[in-house]
Amino acid sequence: MEPQVSELQRQTGGGHTVSYVMRPAVTTVEIYSHLAAAAYLMNHAKQSALVVVDDAERPVATITEGDLMRAVANGAETGGARIEHWMNRNPQTVGPDTSVTDAARIMVDTANRHLPVVSDDRVVGIVAISDIVHAIVHSVRLASVVVFVSDLPRSLGFYQPLLRYTVVASDTDATLLTGPDGSQLYLRRAGDGAAGRNDGVGVRLVAWTAGGPDDLDRCEQLLQERGAYQRRDTSEGITRVEGRDPDGLPVLITYPGPDQTPRHLLNP
């Protein structure tokens, strides 16, 4: 299958993309400002990096706390030295639709801890390495599962916004979604000879671990909004939210995960 971005993904905004983890209220500073102005803005905005813009508000550089420390260590007077002499010119940028995984790879390859997010040559946000780490740590975690479904677009519309996974490949018979930790969900259209339940669809159960209590609440609310909610219960310190996908297959979201709280085998 050839990788492609589905129309449904664009419509729902699903998937772990930079638009989900970035800080949209980005603070900018003009290229001819003094270092003292950059330090003030960083402190006021509680940011460790600023995007430097030109007269047309286009991003031309970044300046970070590390750059300010380097300038001071080299004897620069913050009230007189200008940002243009200490900033990082022509920064690598990403778009809002860039995947979190690709953004992380760019950070590693370029040794940058911050990336301006640009759309139509205008700054719309900034993403930091801490934002990437937070998204990975607090995301739902699913290793790999194949689900046979009767209606591929309908099932994609159910699973993608619930998991916030990204479509990486799709054709008329199958769609592959991945999470920021590399986990995979394969949705395949059931054929006449498909293995599974009597109606030819499914695995018996799809289960994953929520990224935290708030994420568990988000999943519960989404299930309720879609009329797919079944129940919520807590046992042995583990909270379980159960629902049904469009084909009636059980879906189970738990928190904490098995890596955090030992448990007995869960019987759906």
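For the structure, see preceding data.
Heads up: these notes are all about the structure in this document.

In this section: unusual backbone geometry. For the peptide bond that leads from tyrosine 255 to proline 256, omega is 0 degrees, which places it in the cis range. With respect to the element layout, proline 256 can be found in the segment after strand S14 (250-255). Phi is positive for asparagine 90, which is not a glycine, with a value near 45 degrees. Classification of asparagine 90 by relative accessible area gives exposed; the value is 70%. The residue alanine 111 is not glycine, and still its phi comes out positive at about 60 degrees. If you trace the backbone, alanine 111 turns up in the loop between helix H5 (100-110) and strand S5 (114-119). On the basis of relative accessibility, which here comes to 69%, the residue alanine 111 falls in the exposed class.

This part is about the packing of aromatic side chains. In the structure shown here, the tally under the stated rule is one aromatic pair. The interplanar angle of 90 degrees and the centroid separation of 5.1 Å between the aromatic rings of phenylalanine 158 and tyrosine 159 together place this pair among those described as edge-to-face. Just as phenylalanine 158 is buried, tyrosine 159 falls in that class too.

About the cut-offs
- Residues numbered from 1 in each chain as written.
- Predicted model: local features only at pLDDT ≥ 70, side-chain atom pairs only at ≥ 80, totals over all residues.
- Heavy atoms only, no water.
- Helix = DSSP H or I, 4+ residues; strand = E, 2+ residues; numbered from the N terminus.
- Buried < 20%, exposed > 50% of the residue type's maximum accessible area, 1.4 Å probe, protein only.
- Phe/Tyr/Trp six-rings, centres within 6.5 Å; stacked < 30°, edge-to-face > 60°.

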